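Each chain, written out:
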Amino acid sequence: MIITGFLLLLFVSPAAGEGTRTWEQSRFDDLTKGAAKGVAIRSAGGLELAPAFKSIATTPSTYIWSIASDQAGNLYAATGSPARVYRITPDGQSTPIFEPQELQVQALVVDNSGIIYAATNPDGKVYRIEHLPVPATSPAEAGKDAARKAKSTSEFSASVYFDPKTKYIWDLALDGANNLYIATGDHGEIFRVTPREHSVFFKSDEAHIRVLAFDPNGNLIAGSDGSGLVYRISRSGEGFVLYSAPKKEITALAIDKAGNIFAAGAGERRTAPAQQSLPTTSPSSLTPSATTQPAGGLAVSNVTPPNPTMTGSLLTQGASSSGGSEIYRVAPDGSPSRMWTSSNDLVYALAFDQRGRLLAGTGNRGHIFAISGEDEFTDLLKASATQVTAFAKAPNGGLYASTSNLGKVFLLGATTEPVGSYESDVFDARIFSRWGRAEFRGVGNVELFARSGNVDNPDRNWSPWKKIDLLKDAEVSVPPARFIQWKAVLRTGEPAPRVDSIALNYLPKNVAPDFDEVTVQTGTRYQSLPKPVGTDTSMNVGGIQQPRFDSSPPPIRDRDSIGVRWAVHDDNDDQMVYSVYYRGDGESRWLLLKDNLTDKFHSFDASLLPDGGYTFKVVASDAPSHSPEQALSTEKESTRIEVDTTPPQIENLAAVVEGGQIHVTFRSHDSFSSIKRAEYSVDAGDWQFIEPLGQLSDSKLESYDFRASLSPKSPADSSPVAAGGTDGRGVGNGQMEHVVVVRVYDRYDNMISAKTVIRGGTTTNRLAVQR
């Protein structure tokens, strides 16, 4: 079907009810979770057809570091593991034409006459590779010569063109006169080599010059590792730093016809003085054991170097994605700006397609991005390899793209794929749901399909794909189920197909709330936390209703209160209302304590309940989210608790002085719980523990009989009262006075106290209740 030039929005009928929900996908972050085949994903959201992309050659080498094409469309690939230079024809025929002794071929270029210059690492050289001239033969020998050529592995010869005497050669570039420029490492030098002479063209204070390119004015642009510098070097070799990037290494350069310089940066800068190390994203560095390994690089398998004296290994992924990558633009007037950033992808190559869009080849996920503006990009495609390492021009406006892990060559076409498909990620409605209608936003020839199932893996007996008729009612005719997935098929045409958003409406089957627990605590009060005005405890993210979050209130100690708290959830995430009931021991009817509660707790005055045992029940209902006939409820009982707010009683308190000690007797009883403990104090002294008769305190009635020593401050024979004076309280005439206070606690810490005053052989009792 074709939808052109207008917006199609199909909404759910109001009859679907309040419980209808919508799953929508339009954002880049959501769409990247799906599986795209021939479909590109825009950073602004939405889908479109990707450029045609096909594999044309797979080399025996694991890594391809650099590629270049000649005027006939043949491609040359510099590889490692093993080190080779391959010639790949436009029809994909691959032939090794150079096999050096070094461990890898790092870079290569092809001049206007078809001569290939290839640089090797480590301790490498630059080789000149030429096509062998075809000797003149007679017609009779032509057939024999053709047979010999068919068996030949190479028609090229190689010779050392230049030895820079450096550890690493990172990049090569040719100017308009076919003069060769060589970027090296360890000393940060750029060499200029002509057929007649060679010299150091530029010396940097950085350890490595990583990449080279020429601008439209013939200036050499170079990127370094260490401080992430972008140099502009004049024809005379005078350098000027155009930009110091936030990243430590410039990994790729591309310059458009207007003179805008695009530079990719990666790796985190060191705050301390940098030790000499290999570039962060260098894909092929073999280093001696004394060399500090960089933070990143290509992810590789374990490789044993053919040279046993070399103890290093290819850079591993390790922290290679630490900090990700950025792409910067330096305008012709020198002003810089950041164009693109990623925390997951490292840029290894930059180029322009036929439309003039900047392309970025990345790892370690093998994606190619098209950069159209500041933070505007398209995730074009994903190669069947880990890193996209280089680009080169291809016939008919296309581009060759090379990869590592595996060492492949792809052709990126100038036109889009004729058809592409995109499968969304699996959506989990969390409960069994009925699926309604689809909402589509986009244009062009687009078909939409859906399928559903009750396991999270679509390959495990889901329903078949069912087409959604977007021009009719857009009904999603899949079986009711918990999981669903949609698929869009885009076909080329006018206008170009585009998907801006897809939304599926669904109605979850209502299920009753489910309790996790109900707890009741005496001596506890819960206080509601303040809620900001206009807020909701549930969230809707990407069209997906997220579970509600209810913060638990902090318990406050309050012996006069009883707190009831419950944990309950609803798989529909419905709003709920609660009622609390109670029932005493031996009673059959539940009594309502409080209804229409929206908090998951309730506190009340403990004195409302007589002493005794009680059980509480909480009823949860989803009525606020459903019509009366569809609302569901559930209930849960607490464990039994005991309520005791009445203190024990003290009876028959008596005290007399006998032989320099006070003899005290009393008894205490409680109407509901057992006596927990008793204490006494004489003349405002410290509290002392009293054991009941029988020592065990486990009864509602306990008797006490004990003797207490007199305070040493008030001996009976030396007090003012005993001498016939006064003690300041109006007690005299030789009378001796002592105050004895006792207090008793029951099991629930209800307390009563009483005192007796010994004066002239008589006692006076007073009671004071304290809870």
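Keep in mind the model is a prediction, meaning the values are calculated, not measured.

The rules behind the values
- Residues numbered from 1 in each chain as written.
- Predicted model: local features only at pLDDT ≥ 70, side-chain atom pairs only at ≥ 80, totals over all residues.
- Heavy atoms only, no water.
- Salt bridge = Lys/Arg side-chain N within 4 Å of Asp/Glu carboxyl O.
- Helix = DSSP H or I, 4+ residues; strand = E, 2+ residues; numbered from the N terminus.
- Buried < 20%, exposed > 50% of the residue type's maximum accessible area, 1.4 Å probe, protein only.
- Pairing = 2+ DSSP bridges.
- Contact = heavy atoms within 4.5 Å.
- Polar contact = N/O pair within 3.5 Å; in protein donor to acceptor, adjacent residues only side chain to side chain.
- pLDDT = per-residue confidence, 0-100.
- Phe/Tyr/Trp six-rings, centres within 6.5 Å; stacked < 30°, edge-to-face > 60°.
- Lys NZ or Arg CZ within 6 Å of the ring centre and 35° of its normal.
- Core = buried A, V, L, I, M, F, W, Y, C linked by side-chain atoms within 4.5 Å.
- Axes fitted to C-alpha atoms, helices over the stretch in contact; angles between N-to-C directions.

### A word on the pattern of salt bridges
Inspection of every chain in the model, using the stated rule, returns 31 salt bridges. K676 is the partner of D749 in a salt bridge, and the nearest nitrogen-oxygen pair spans 3.2 Å. Of the two residues, D749 is situated in the loop between β54 (737–746) and β55 (751–759) and K676 in strand β51 (residues 675–682); the sequence distance between them amounts to 73 residues. Assessed through its relative accessible area of 41%, K676 is described here as partly exposed.

### Details of the pairing of strand β2 (residues 21–25)
Along β2, the buried face is formed by R21, W23 and Q25; none of T22 and E24, which line the opposite face, is buried. Of the pairings in the sheet, the one linking β2 to strand β38 (residues 498–508) comprises five bridges and is antiparallel in character. Residue pairing for β38: E24 is matched across the bridge by A503.

### Here we look at the environment of K203
By the secondary structure assignment, K203 is in strand β18 (residues 198–203). Residues K203 and G239 lie 36 residues apart in sequence; the distance between their C-alpha atoms is 8.8 Å. For K203, the residues in contact, after removing those within four places along its chain, are H187, G188 and E189. A polar side-chain atom of K203 sits 2.8 Å from the main-chain carbonyl oxygen of H187.

### Considerations on the side chain of Q25
Of note, Q25 is situated in strand β2. Owing to a relative accessible area of 4%, Q25 belongs among the buried residues under this scheme. Among the polar contacts listed, one links the side chain of Q25 to the side chain of W486, at a separation of 3.2 Å. Excluding its chain neighbours within four sequence positions, the residues that come into contact with Q25 are D30, L31, S424, D425, W486, S501 and I502.

### Digging into the confidence of the model for the chain
Per-residue confidence for the chain averages 85 on the pLDDT scale, and 81% of its residues sit at or above 70. Contacts from residues 283–321, a stretch scored under 50 in pLDDT, to residues over four places away or in other chains number 104 contacts. Within the model, pLDDT remains below 50 along residues 715–734, and this stretch shows 23 contacts once partners closer than five positions in the same chain are excluded.

### Side note on the packing of aromatic side chains
Taken as a whole, this structure holds 28 aromatic pairs when the rule is applied. Judged by centre distance (6.4 Å) and plane angle (75°), the rings of F427 and W435 are edge-to-face. Here the two residues F427 and W435 agree in accessibility, since each one is buried. Cluster of aromatic residues (ring-pair linked, three or more members): W23, F427, W435 and Y506. Residue placement shows R210 over the ring face of W170; its charged tip is 5.4 Å from the ring centre. Here R743 stacks its cationic end above the ring of W687, 3.9 Å away from the centre of that ring.

### Points about the nonpolar core
Counting residues in hydrophobic clusters, the biggest one holds 43 residues, and the most contacted among them are I327, L350, V476 and W486. The element best represented in this core is strand β35 (residues 427–453), accounting for eight residues. I327 has contacts with A263, A264, S337, R338, M339, W340, V347, L350, L358, A360 and I371, leaving out every residue within four places of it along the chain.

### Quick word on unusual backbone geometry
The omega torsion of the bond from S81 to P82 falls at 0°, within 30 degrees of zero and hence cis. Note on placement: P82 falls in the loop between β8 (75–80) and β9 (84–88). Residue N364 is bonded to the preceding G363 through a cis peptide linkage, with omega at 10°. With respect to the secondary-structure elements, N364 resides in the loop between β28 (358–363) and β29 (367–373). With phi around 60°, K165 is a residue other than glycine that occupies positive phi space. Tracing the chain through its elements places K165 in the loop between β14 (156–162) and β15 (168–174). In this model, N178 sits at a positive phi of 65°, which is unusual for a non-glycine residue. Secondary-structure assignment places N178 in the loop between β15 and β16 (180–185).

### Describing the sheet that holds strand β33 (residues 408–416)
Read across the open sheet, the four strands follow the order β6-β33-β32-β31; overall the sheet is antiparallel. Pairing within the sheet leaves two strands with one partner each, and these edge strands are β6 (51–58) and β31 (387–393). Averaged over neighbouring strand pairs, the angle between their axes works out to 30° when direction is ignored. Across six bridges, the pairing between β6 and β33 is antiparallel. From the neighbouring strand, F53 faces β33, where its bridge partner is L412.

### Some remarks on the environment of N652
Structurally, the position occupied by N652 is in strand β49 (residues 649–658). Residues contacting N652, with those up to four places away along its chain left out, are T665, F666 and R667.

### Let's talk about the sheet that holds strand β53 (residues 701–709)
Working definition: the strands of a sheet are paired by backbone hydrogen bonds and lie parallel or antiparallel to each other. Taken in spatial order, the three strands line up as β49-β50-β53 in an open sheet, and their pairing is antiparallel. A strand with exactly one partner marks an edge of an open sheet, and here the two such strands are β49 and β53. Strand-to-strand twist across the sheet, computed as the mean angle between neighbouring axes with direction ignored, equals 10°. Sheet topology places β49 next to strand β50 (residues 661–669); eight bridges connect them, and they run antiparallel. Within the sheet, the bridge partner assigned to I650 lies in β50 and is S668.

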